[in-house]
Amino acid sequence: MKVPVADLQSVEGGQEHHEFQVALAPLKLAGEEAAFPGPVRVEADLYSNGREITAQVKAGGRLALACGRCLNPVEVPIETSFTETLRPYPRVPQESGEDEDFTYYHHDVIDLRPLVEEHLLLAVPMKVLCSEDCKGLCPHCGRNLNQGPCGCGPEPADTRLAVLADLLRDRNQLS
Ligand SMILES: [Zn+2]
Ligand SMILES: [Zn+2]
């Protein structure tokens, strides 16, 4: 996803369209990795004002995540679109230092990959389910309850809650 922009960057009003089908490395989420089972499609429109380049990027594909209840793999669509302004890294350091609002590119090449990965990461859904009525795992034996009931029987009442209920009852009787 490296786009040479040596010509484009100096042309005020210049624009280019690029499309890619790329294999991306798995996204690193908190405690797990999420892989792309297939290629990710990326479309980028680059606009130059002669000093900096604005990239309008759309990316989409499918991502494999674990079901939030039963942990079985689930494939979900993932899409992102973003706009990023990119500046050539100054060959001569500027007095004011680097401007944090801009992303810099080096050697007249814009590499879209890190930008796309960063924005796809933000687009990962917080929680996915293999189906709306996924029964999840038994908290006691860990069996996937979608495959049938386990022998654990109904959930016993939580003893800590029972203690709390007793305390509340005592307090009400005192007042
Ligand atoms: Zn599930
Ligand atoms: Zn069980």
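Residues numbered from 1 in each chain as written. Chains lettered and ligands numbered in written order. Predicted model: local features only at pLDDT ≥ 70, side-chain atom pairs only at ≥ 80, totals over all residues.

1. Quick look at helix 1 (residues 112-123)
Okay, step 1: Here helix 1 contains 12 residues, and its C-alpha end-to-end distance of 17 Å stays within 8% of the 16 Å for a straight helix at 1.5 Å per residue.
Okay, step 2: Every buried residue belonging to helix 1 is among Leu-112, Leu-115, Val-116 and Leu-120, and all of these are buried. The buried residues of helix 1 occupy an angular sector of 125° when the element is viewed end-on, so they sit on one face. Residues of helix 1 that are exposed and point over 90 degrees away from its buried face: Pro-114 and Leu-122.
Okay, step 3: Structurally, helix 1 contributes buried residues whose contacts are with strand 1 (2-4), strand 3 (27-29), strand 5 (40-49), strand 6 (53-66), strand 7 (73-88) and strand 9 (109-111). (Helix = DSSP H or I, 4+ residues; strand = E, 2+ residues; numbered from the N terminus. Expected span 1.5 Å × (residues − 1). Buried ≥ 20, exposed ≤ 12 C-beta atoms within 10 Å, placed from the backbone. Arc of directions from axis to C-beta. Contact = placed C-beta atoms within 7 Å.)

2. Describing the sheet that holds strand 2 (residues 12-22)
Okay, step 1: What the five strands build is an open sheet, ordered 2-5-6-7-8; its pairing is mixed. The open sheet is flanked by strand 2 and strand 8 (103-105), the only strands paired with a single partner. Taking the axes of each pair of neighbouring strands and ignoring which way they run, one obtains an average angle of 30° across the sheet.
Okay, step 2: Of the strand pairs in this sheet, strand 5 and strand 6 are connected by eight bridges, and their pairing is antiparallel. Residue pairing across strands places Glu-43 opposite Lys-58, the latter belonging to strand 6.
Okay, step 3: Packed onto the sheet, helix 1 meets strand 5, strand 6 and strand 7 and runs at close to 130° relative to strand 7. (Pairing = 2+ DSSP bridges. Axes fitted to C-alpha atoms, helices over the stretch in contact; angles between N-to-C directions.)

3. Focus: unusual backbone geometry
Okay, step 1: Of note, the phi angle at Leu-71 is positive, near 70°, even though the residue is not glycine.
Okay, step 2: Looking at where Leu-71 falls in the secondary structure, it is placed in the loop between strand 6 and strand 7.
Okay, step 3: Taking the C-beta count within 10 Å as the criterion, Leu-71 has 15 such neighbours and is therefore assigned partly exposed.
Okay, step 4: Unlike most non-glycine residues, His-107 shows phi in positive territory, near 55°.
Okay, step 5: Assignment of secondary structure puts His-107 in the loop between strand 8 and strand 9.
Okay, step 6: Residue His-107 is classed as exposed on the basis of its C-beta count, with 10 C-beta atoms lying within 10 Å.

4. Some remarks on the pairing of strand 5
Every other side chain in a regular strand lies on the same face of the sheet, so the side chains alternate between the two faces.
Okay, step 1: Residues Val-40, Val-42, Ala-44, Leu-46 and Ser-48 of strand 5 are buried on one face, while the alternating residues Arg-41, Glu-43, Asp-45, Tyr-47 and Asn-49, pointing to the opposite face, are not.
Okay, step 2: For strand 2 and strand 5, the ladder comprises nine bridges, and the chain directions are antiparallel. Directly across from Gln-15, in strand 5, lies its bridge partner Tyr-47.
Okay, step 3: Between strand 5 and strand 6, which pair antiparallel and follow one another directly, the connecting turn spans three residues, one of which, Gly-50, has a positive phi of 90°.

5. What about the confidence of the model for the protein chain?
Okay, step 1: Scored by pLDDT, the protein chain comes out at a mean of 88, with 82% of its residues at no less than 70.
Okay, step 2: Within the protein chain, strand 5 carries the highest mean pLDDT (97), whereas helix 2 (residues 159-174) carries the lowest (65). (pLDDT = per-residue confidence, 0-100.)

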